[in-house]
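Spelled out, the chains give:
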Amino acid sequence: MFAGRDEQPIVSLKGVSKVYPPSTAALTDVDLEIERGEFVFLIGPSGSGKSTLLRLLYREEQATKGRIVVNNRDVTAMGPSDVPFLRRQLGVVFQDFKLLPRKTVAENIAFPLVVSEFSARAIRLRVAQLLEIVGLKDRRHALPAELSGGEQQRAALARAIVNNPVLLIADEPTGNLDPETSRGITQLLAEINFRGTTVIVATHSEVMVNALRRRVVAIEGGMIVRDQARAAYRDADAGPAAQPDRRLVASGAAPAAAAAWPGRGSRRG
Ligand SMILES: Nc1ncnc2c1ncn2[C@@H]1O[C@H](COP(=O)(O)OP(=O)(O)OP(=O)(O)O)[C@@H](O)[C@H]1O
Ligand SMILES: [Mg+2]
């Protein structure tokens, strides 16, 4: 069909600025391209503009200036009626999980599919698959309040990817978790990316960034100050990584994932 369209970057920002009224310049003249299949860490001090950049991608905020294209759609020109369609192609997770408190783990994961045209049987199968992947099979009937922080974040991740999104956006996904639990979530994000989903993670976690050694985009004062492949959290630490991907996936938080994954692995370039 549209030959070559998939070769476009999945995310492109050109000359993007965001001013919150009356005069907070959160982002200034940002240029950024992210290719399909990439894993990108967005780092920078508090208030530097990380969450703002992410919110522009799923149209929670609108740019003041510049052009943003996400998965071939110009989100800066998009009307409000197109926003739900954009969001169905994306998965988003937050530091505070945002699970529906009165629904069980399984119901939370199923939620994005309930409003879709899928049959009850298809939804049940897909949810079972996701429960397996994130290791929550035994907790599927629990309510969010009955889960640990790490379990809640795994449920939130499962919900975010249940639709098979082309892009997963995570804003400080390990912000509320202890180091060991953070490691599990980091592995899960690597696994999701390994299966072909583009992943963007805003984080303050030096441990997480250094564990994966992926592309690091650093923002300060609303401007990109560093953009480096296979990088560490601190510039000075940058160096060759000892096959981090293989190790993470092999020791994975979700051993069944590789077999169970429905994914888009074959689409990776
Ligand atoms: N809704 C808003 N209204 C007004 N100003 C805002 C709003 N959201 C963010 N800001 C301001 O924009 C700037 C960038 O904020 P942003 O939340 O993007 O930073 P961040 O890098 O995500 O920080 P943190 O690491 O603390 O999450 C800050 O000066 C912040 O005070
Ligand atoms: Mg933030």
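Just so we're clear, the structure is a prediction, and the values are computed from it rather than from any experiment. (Residues numbered from 1 in each chain as written. Chains lettered and ligands numbered in written order. Predicted model: local features only at pLDDT ≥ 70, side-chain atom pairs only at ≥ 80, totals over all residues.)

### Comments concerning the packing of helix α5 (residues 149–161) against helix α6 (residues 179–194)
- One can describe the packing of α5 onto α6 by two numbers: an axis separation of 9 Å at closest approach and a directional angle of 15°. As the angle between them shows, α5 and α6 are arranged roughly parallel. Where α5 crosses over α6, the handedness of that crossing is right-handed. Across from Gly 149, Gly 150, Gln 153, Arg 154, Leu 157 and Ile 161 in α5, the residues of α6 making contact are Thr 181, Gly 184, Ile 185, Leu 188 and Ile 192. (Axes fitted to C-alpha atoms, helices over the stretch in contact; angles between N-to-C directions. Helix = DSSP H or I, 4+ residues; strand = E, 2+ residues; numbered from the N terminus. Parallel < 35°, antiparallel > 145°, perpendicular 65-115°, else oblique. Left-handed = near helix turned anticlockwise from the far one by under 90°. Contact = placed C-beta atoms within 7 Å.)

### Some remarks on the environment of Gly 47
- Within the element layout of this structure, Gly 47 appears in the loop between β3 (39–43) and α1 (50–57).
- Residues Gly 47 and Glu 220, spaced 173 residues apart in sequence, show a C-alpha to C-alpha distance of 8.4 Å.

### What to know about the pairing of β3
- Buried residues dominate β3, accounting for five of its five residues.
- What you see with β3 is no split at all: Phe 39, Phe 41 and Ile 43 on one side and Val 40 and Leu 42 on the other are buried throughout.
- In this sheet, strand β8 (residues 198–202) lies alongside β3 in parallel orientation, the contact comprising four bridges. When the bridges of β8 are listed, Phe 41 appears paired with Val 201.
- The pairing of β3 with strand β9 (residues 215–220) spans four bridges and is parallel. Among the inter-strand pairings, Ile 43 is bridged to a residue of β9, identified as Ala 218. (Buried ≥ 20, exposed ≤ 12 C-beta atoms within 10 Å, placed from the backbone. Pairing = 2+ DSSP bridges.)

### Things to note about the sheet that holds strand β10 (residues 223–228)
- Taken together, six strands build an open sheet; the order of strands is β6-β7-β8-β3-β9-β10 and the sheet is mixed. The sheet is open, and its two edges are formed by β6 (90–94) and β10, each paired on a single side. Neighbour-to-neighbour, the strand axes of this sheet turn through a mean angle of 15°, independent of strand direction.
- Packed onto the sheet, α5 meets β6 and β7 (167–171) and runs at close to 165° relative to β6.
- The strands touched by α6 within the sheet are β3, β7 and β8, with β8 carrying the most contacts at an inclination of about 150°.

### Overview of the confidence of the model for the protein
- When pLDDT is averaged along the protein, the result is 88, and 85% of the positions lie at 70 or above.
- Note that pLDDT drops below 50 for residues 241–269; the model gives that stretch 48 contacts with residues more than four away or on any other chain. (pLDDT = per-residue confidence, 0-100.)

### Digging into the nonpolar core
- With 69 residues, the main nonpolar core has Leu 42, Ile 109 and Ala 158 as its most contacted residues.
- Residues contacting Ile 109, with those up to four places away along its chain left out, are Val 127, Leu 130, Leu 131, Ala 155, Ala 158, Arg 159 and Val 162. (Core = buried A, V, L, I, M, F, W, Y, C linked by C-beta atoms within 7 Å.)

### Remarks on the sheet that holds strand β5 (residues 73–74)
- The strand order across the open sheet formed by four strands is β2-β1-β4-β5, and the pairing between neighbours is antiparallel. The sheet is open, and its two borders are formed by β2 (24–34) and β5, each paired with just one other strand.

### With respect to the packing of helix α3 (residues 105–114) against helix α4 (residues 120–134)
- At a closest axis distance of 10 Å, the pairing of α3 and α4 adopts a crossing angle of 125°. Overall, the two elements α3 and α4 adopt an arrangement that is oblique. As for the relative orientation of α3 and α4, their crossing is right-handed in sense. Counted together, Ala 106, Ile 109, Ala 110 and Leu 113 of α3 and Ile 123, Arg 126, Val 127, Leu 130 and Leu 131 of α4 form the full contact between these two elements.
- Partitioning the contact of α3 with α4 into residue classes produces eight nonpolar, no polar and one charged. (Nonpolar A, V, L, I, M, F, W, Y, C, P; charged D, E, K, R; others polar.)

### Observations concerning the site of ligand 1
- If you check the shell around ligand 1, you find Tyr 20, Thr 24, Ala 26, Gly 44, Ser 46, Gly 47, Ser 48, Gly 49, Lys 50, Ser 51 and Thr 52 and nothing else.
- Of all elements in the fold, only β2 and α1 reach the threshold of two or more residues within the shell around ligand 1.
- Per element, the largest residue contribution to the shell around ligand 1 is three residues, and it comes from α1.
- The class makeup of the residues in the shell around ligand 1 is two nonpolar, eight polar and one charged. (Near = placed C-beta within 6 Å.)

### Focus: the pairing of β2
- In this structure, strand β1 (residues 11–20) lies alongside β2, joined through seven bridges in antiparallel fashion. Looking at β2, one finds that Lys 18 is bridged to Leu 27.
- Linking β1 back to β2 in an antiparallel pair, the connection comprises three residues.

### Remarks on unusual backbone geometry
- Between Pro 21 and Pro 22 the backbone carries a cis peptide bond, its omega angle lying at 0°.
- Relative to the assigned elements, Pro 22 resides in the loop between β1 and β2.
- We note that Phe 97 has phi near 65°; this positive angle belongs to a residue other than glycine.
- For Phe 97, the location among the structural elements is in the loop between β6 and α3.
- For Phe 97, a count of 20 C-beta atoms within 10 Å gives the class buried.

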